[in-house]
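Observations on the model geometry
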Amino acid sequence: MRITLLTGKTFDLENAFDFAIKINISKQAKRLTLRIDAKEKLPVLTLPPRCSRRKAYEFVMEHKDWIKNNLAKLPQAKFFEDGEQISVMGKLYQISHQPARRGGVFIEEDKLVVCGEKEFLHRRMVDFLKQVAKKELMALSKKMAGKISRDVKNVTIKDTKSRWGSCSNRGNINYNWRIVLAPKNVISYLVAHEVSHLAHQDHSADFWSCVEGLNPAFEENRHWLKVRGKMLYLYV
């Protein structure tokens, strides 16, 4: 396989490994090191500038079992499936794949009916949840902003890999679509967090006081998002 350096150069090592790998040449590196990038699910090799290709190759081969074992320990990506029960804005629904029906994805009592072929189920669910997020988080953000005499200009739903939300000083708020899968009080905390930035563009004591005023149990909800929120990121 071809190993690509972050500098744009390549190592031609056809069929050397049965896994992808990133190589980073660092001026600060004193020796070869390996780590696992959990978000990209890739091993990363860091080497000093003058390290030879042969030495880099041998180092990776020596640690091949370590790489494979640690990659195997990483949580696997999740895809929405027929029969799965999920929470949407705090309410539980069961995904019901009904290929003969038409209408994309829609709510029918306590079910999320997904129409069309099975191979499109996951993508249609993601699109549906993004639409729900846009509508519901816009309404909730405006409501909370009104409580602190602020105004939300716009809400954008994103597919970020490490941030749940962000707020600009112009009144624009971004949310990760996956937050709609969290418990209702956790969603409320995130909205309170971002809305509070409309009044305080920092994380000062005044900021956290504002968050608490909007979401009294914010510490508990913040902890849930920090500890259990990573499970929501498994949905790709």
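Here, the structure is the one placed above.
Figured I'd write up the structure that's included with this text. (Residues numbered from 1 in each chain as written. Predicted model: local features only at pLDDT ≥ 70, side-chain atom pairs only at ≥ 80, totals over all residues. Heavy atoms only, no water.)

1. Points about the packing of aromatic side chains
Enumeration according to the criterion identifies 5 aromatic pairs in this entry. Aromatic pair W208 and F218: ring centres 5.5 Å apart, planes at 20°, arrangement stacked. Highlighted residues: W208 in helix 5 (residues 205–214) and F218 in helix 6 (residues 218–232), separated in sequence by 10 residues. You'll find W208 and F218 in the same group, each marked buried. Every member of this aromatic cluster is reached through a ring pair, and the members are F80, W177 and Y235. (Phe/Tyr/Trp six-rings, centres within 6.5 Å; stacked < 30°, edge-to-face > 60°. Helix = DSSP H or I, 4+ residues; strand = E, 2+ residues; numbered from the N terminus. Buried < 20%, exposed > 50% of the residue type's maximum accessible area, 1.4 Å probe, protein only.)

2. Examining the layout of surface pockets
Gaps between atoms show up when a probe of the same size as a water molecule is rolled over them. Its volume calculated, the largest pocket comes out at about 450 Å³. Lining the largest pocket are 16 residues, with A38, K39, K41, Y233 and L234 sitting closest to its centre. Looking at the lining of the largest pocket, its residues break down into 10 nonpolar, 1 polar and 5 charged. Along the walls of the second largest pocket sit 18 residues, with W164, G165, L190, H193 and E194 positioned nearest its centre. For the lining of the second largest pocket, the elements supplying multiple residues, two or more each, are strand 11 (165–167), helix 4 (184–196) and helix 6. For the lining of the second largest pocket, the element with the most residues is helix 6, which contributes 5 residues. When its residues are assigned to classes, the lining of the second largest pocket shows 6 nonpolar, 7 polar and 5 charged. (1 Å grid on protein atoms, 1.4 Å probe; cavity = no way out; pocket = protein on both sides within 12 Å on 5 of 7 lines; lining within 4 Å. Points joined across faces, edges and corners; volume = space filled by probe spheres on them. Nonpolar A, V, L, I, M, F, W, Y, C, P; charged D, E, K, R; others polar.)

Function-wise, these values are silent; they only describe arrangement.
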